[in-house]
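Results of the structural survey
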Amino acid sequence: MASVEERLAALEAQVAGLVERLDGADRPTPPEGVFWALDGLKQRLPADNAGAVLYTGTVRLGGQHYDWQYGRGVEDLLADDWADLPAVLSALAHPVRLRLLREILGGRQGTAELAGIEDLGTTGQLHHHLRQLTAAGWLRSAGRGRYAIPAERVVPLLAILTAAGR
């Protein structure tokens, strides 16, 4: 049986090997085309730029098709006033509101349909959540007690959910 010192030395060697790989020394080059969106973004940036963030998507839901692409420079994002963002983001930070958005994306757009879903609370609570989502821009009234997610918000919403799930 190996001594404690030998076992510790072997463990240190393993950790050093893992650290070396994580630092990129042994990182394999991704196959051609894997980062096609990122490569395209990099080609459009000036060499002295701090970088940029791009999100894009194509979505087909309930007979609707949404294509969306949006990008911002890092310098512009960091220079922006972020004071209004907590209200927009906090509207998403409630399980009932996320459920409502999922149901509306799935085709249940009327308040009567939504009120029939279990675990959403009372009608008053439902209307409170719908108002919160509407005020934050995640929903709009589609008339006669119906709600829809604005087309320009579908892909951003799904991008936020994707990022949150990582």
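Below is a summary of the structure that appears in this document. (Residues numbered from 1 in each chain as written. Predicted model: local features only at pLDDT ≥ 70, side-chain atom pairs only at ≥ 80, totals over all residues. Heavy atoms only, no water.)

1. A look at the environment of Leu-41
With respect to the helices and strands, the residue Leu-41 is situated in helix 2 (residues 36–44). Classification of Leu-41 as buried rests on a relative accessible area of 17%. Separated by 11 residues in the primary sequence, Leu-41 and Ala-52 place their C-alpha atoms 7.7 Å from one another. Beyond its immediate stretch of four places on either side in the chain, Leu-41 contacts Ala-52 and Leu-54. (Helix = DSSP H or I, 4+ residues; strand = E, 2+ residues; numbered from the N terminus. Buried < 20%, exposed > 50% of the residue type's maximum accessible area, 1.4 Å probe, protein only. Contact = heavy atoms within 4.5 Å.)

2. Comments concerning the nonpolar core
Considering soluble globular proteins, one finds that nonpolar side chains tend to be buried as a cluster. Core analysis: the biggest nonpolar cluster contains 23 residues, and Leu-100, Leu-101, Leu-130, Trp-138, Leu-139 and Ile-149 have the highest contact counts within it. It is helix 5 (residues 95–105) that provides the largest number of residues to this core, a total of five residues. Beyond its immediate chain neighbours, meaning those up to four positions away, Ile-149 contacts Leu-101, Ile-104, Leu-105, Trp-138, Leu-139, Val-154 and Leu-157. (Core = buried A, V, L, I, M, F, W, Y, C linked by side-chain atoms within 4.5 Å.)

3. With respect to the packing of helix 5 against helix 8 (residues 151–164)
Each packed pair of helices is defined by two parameters, the angle between the axes and the distance between the axes. Between helix 5 and helix 8, the least distance of the axes is 13 Å, while the angle of their chain directions is 135°. Relative to helix 8, the element helix 5 is oriented oblique. For the element pair helix 5 and helix 8, the recorded crossing hand is left-handed. Along the contact surface, helix 5 presents Leu-98, Leu-101 and Leu-105, while helix 8 presents Val-154, Leu-157, Leu-158 and Leu-161. In terms of residue class, the contact of helix 5 with helix 8 is built from seven nonpolar, no polar and no charged. (Axes fitted to C-alpha atoms, helices over the stretch in contact; angles between N-to-C directions. Parallel < 35°, antiparallel > 145°, perpendicular 65-115°, else oblique. Left-handed = near helix turned anticlockwise from the far one by under 90°. Nonpolar A, V, L, I, M, F, W, Y, C, P; charged D, E, K, R; others polar.)

4. Considerations on the side chain of Arg-97
Mapped onto the secondary structure, Arg-97 falls in helix 5. No salt bridge forms around the buried Arg-97; measuring N to O, its nearest opposite-charge neighbour Glu-103 is 15 Å away. Beyond its immediate sequence surroundings of up to four residues, Arg-97 is in contact with Ser-90, Ala-91, His-128, His-129, Gln-132 and Leu-133. (Lys, Arg positive; Asp, Glu negative; His and termini not counted. Salt bridge = Lys/Arg side-chain N within 4 Å of Asp/Glu carboxyl O.)

5. Notes on the pairing of strand 2 (residues 64–73)
Relative to strand 2, strand 1 (residues 52–61) runs antiparallel, the two sharing 10 bridges. Along strand 2, the bridge assignment pairs Ala-52 with Gly-73. Hairpin connection of strand 1 to strand 2: two residues between the antiparallel strands, including Gly-62 at a positive phi of 50°. (Pairing = 2+ DSSP bridges.)

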